[in-house]
Amino acid sequence: MFFLMTHQYLQQMHLSAWYILSLWCIILAKMCGIVWFKTSIHFYEMKQEISHAIYATPLQSETWNLTLKKVRMSLQETVHYQLDSPEADEEWALLYPGEGIVYLQDDHKPFTISLFHQLQCLDIVRKEIIHGYHMSAAVPSDLVQHCINHLRQMILCRSDVYLSPVVAIPTPKAQSLDTYECNDWHEVFRAVQKNQETYIT
């Protein structure tokens, strides 16, 4: 009788231990779930705040401190800056003098101006087109892919909303405006030349 009671007592104790252990596991799982849920909500709210800050606050990109007046450009066809001509390479290279690099700040850190980056990209694409004419199996280089993407993004970034008339004879074609209001690019070239003469020795 004594052994039977002892055996039953041990069984009850064994079941009680498993019950307590299971109960603690359930409590621990619930606590972990609550912590995970609150942490997820916290990070979600932080992400929303960051996203809102990114889209609500204008980005302050670094620009060269030049005061540029407005000038008018007469838009017309030209015999210069051809795709492939004896003078083409030299004319295109003059559009971004000294690789378009200026040296600024106290440590004369080199920068390229967006204007020259885009012009140089046009020249790179031009050269790749010429190269493709002579090598029909040529694969576009990574540099050209970069330039095409960069030009696309810069055009989107500027979002020019000037209106060009469309003529529908024989097929729809946008006509260029006679004149265009622009920043004075001559002043940019003069400032770049002065900067390069000062720091390139």
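Residues numbered from 1 in each chain as written. Predicted model: local features only at pLDDT ≥ 70, side-chain atom pairs only at ≥ 80, totals over all residues. Heavy atoms only, no water.

**Q** It is not clear to me how the overall build of the protein should be interpreted in this structure. Could you clarify?
**A** Within the protein one finds 5 helices and 6 strands. Along the chain direction, N to C, the helices and strands of the protein fall in the order α-β-α-β-β-α-α-β-β-β-α. Taking all 201 residues of the protein together, the buried fraction comes to 16%. For the protein, the exposed area adds up to about 16900 Å²; of that, 63% sits on carbon and sulfur atoms. (Helix = DSSP H or I, 4+ residues; strand = E, 2+ residues; numbered from the N terminus. Buried < 20%, exposed > 50% of the residue type's maximum accessible area, 1.4 Å probe, protein only. Areas by Shrake-Rupley, 256 points an atom, 1.4 Å probe, with all protein chains shown as cover.)

**Q** How do you make sense of the nonpolar core when you look at a structure like this?
**A** Here is a general trend for soluble globular proteins: nonpolar side chains tend to be buried in one another's company. Listed in full, the 10 residues of the largest apolar core are Ala88, Trp92, Leu95, Tyr96, Val102, Ile113, Phe116, Leu119, Val188 and Val192. Contributions of two or more residues to this core are made by helix H2 (88-93), helix H3 (114-134) and helix H5 (185-199). In this structure, Val192 is in contact with Trp64, Pro97, Val102, Ile113 and Phe116, ignoring residues within four places of it in sequence. In this structure, Cys121, Val125, Val144 and Cys147 belong to the second largest nonpolar core, which totals 5 residues. (Core = buried A, V, L, I, M, F, W, Y, C linked by side-chain atoms within 4.5 Å. Contact = heavy atoms within 4.5 Å.)

**Q** In this structure, what is going on with the confidence of the model for the protein? I would like to understand it.
**A** Regions with low pLDDT should not have their predicted coordinates read in detail. Residues with a pLDDT of 70 or more make up 65% of the protein, whose mean pLDDT is 76. Within the model, pLDDT remains below 50 along residues 2-10, and this stretch shows 0 contacts once partners closer than five positions in the same chain are excluded. Here residues 43-60 scores under 50 on pLDDT; set against residues more than four positions off or in separate chains, the count is 1 contact. (pLDDT = per-residue confidence, 0-100.)

**Q** Before we go on, may I ask you to explain the layout of surface pockets in this structure?
**A** To find leftover empty space, a probe the size of one water molecule is rolled over the atoms. Taken as a whole, the largest pocket spans an internal volume of roughly 2400 Å³. Leu115, Gln118, Leu119, Cys182 and Trp185 are, among the 41 residues lining the largest pocket, the residues nearest its centre. Those elements that provide at least two residues to the lining of the largest pocket are strand S1 (70-74), strand S2 (101-104), strand S3 (109-112), H3, helix H4 (142-158), strand S6 (179-183) and H5. Of the residues in the lining of the largest pocket, the class split is 25 nonpolar, 11 polar and 5 charged. (1 Å grid on protein atoms, 1.4 Å probe; cavity = no way out; pocket = protein on both sides within 12 Å on 5 of 7 lines; lining within 4 Å. Points joined across faces, edges and corners; volume = space filled by probe spheres on them. Nonpolar A, V, L, I, M, F, W, Y, C, P; charged D, E, K, R; others polar.)

**Q** Please clarify how the state of the cysteines should be interpreted in this entry.
**A** A disulfide bridge is the covalent bond that connects two cysteines by way of their sulfur atoms. Tallying each qualifying case throughout the model produces 1 disulfide. Residue pairing for Cys121: its cysteine sulfur links by disulfide to Cys147, the two sulfurs lying 2.4 Å apart. Disulfide Cys121-Cys147: torsion about the S-S bond near -75°, hence left-handed. Placement of Cys121 in helix H3 and of Cys147 in helix H4 is noted, with a sequence separation of 26 residues between them. (Disulfide = S-S within 2.5 Å.)

**Q** Can you walk me through the environment of Gln196 in this structure?
**A** One can find Gln196 in helix H5. Its relative accessible area of 11% is what places Gln196 among the buried residues. Taking the C-alpha atoms as reference points, Gln196 and Val102, separated by 94 residues in sequence, lie 6.3 Å from one another. When residues no more than four places from it in sequence are discounted, the contact partners of Gln196 are Pro97, Gly98, Gly100 and Ile101.

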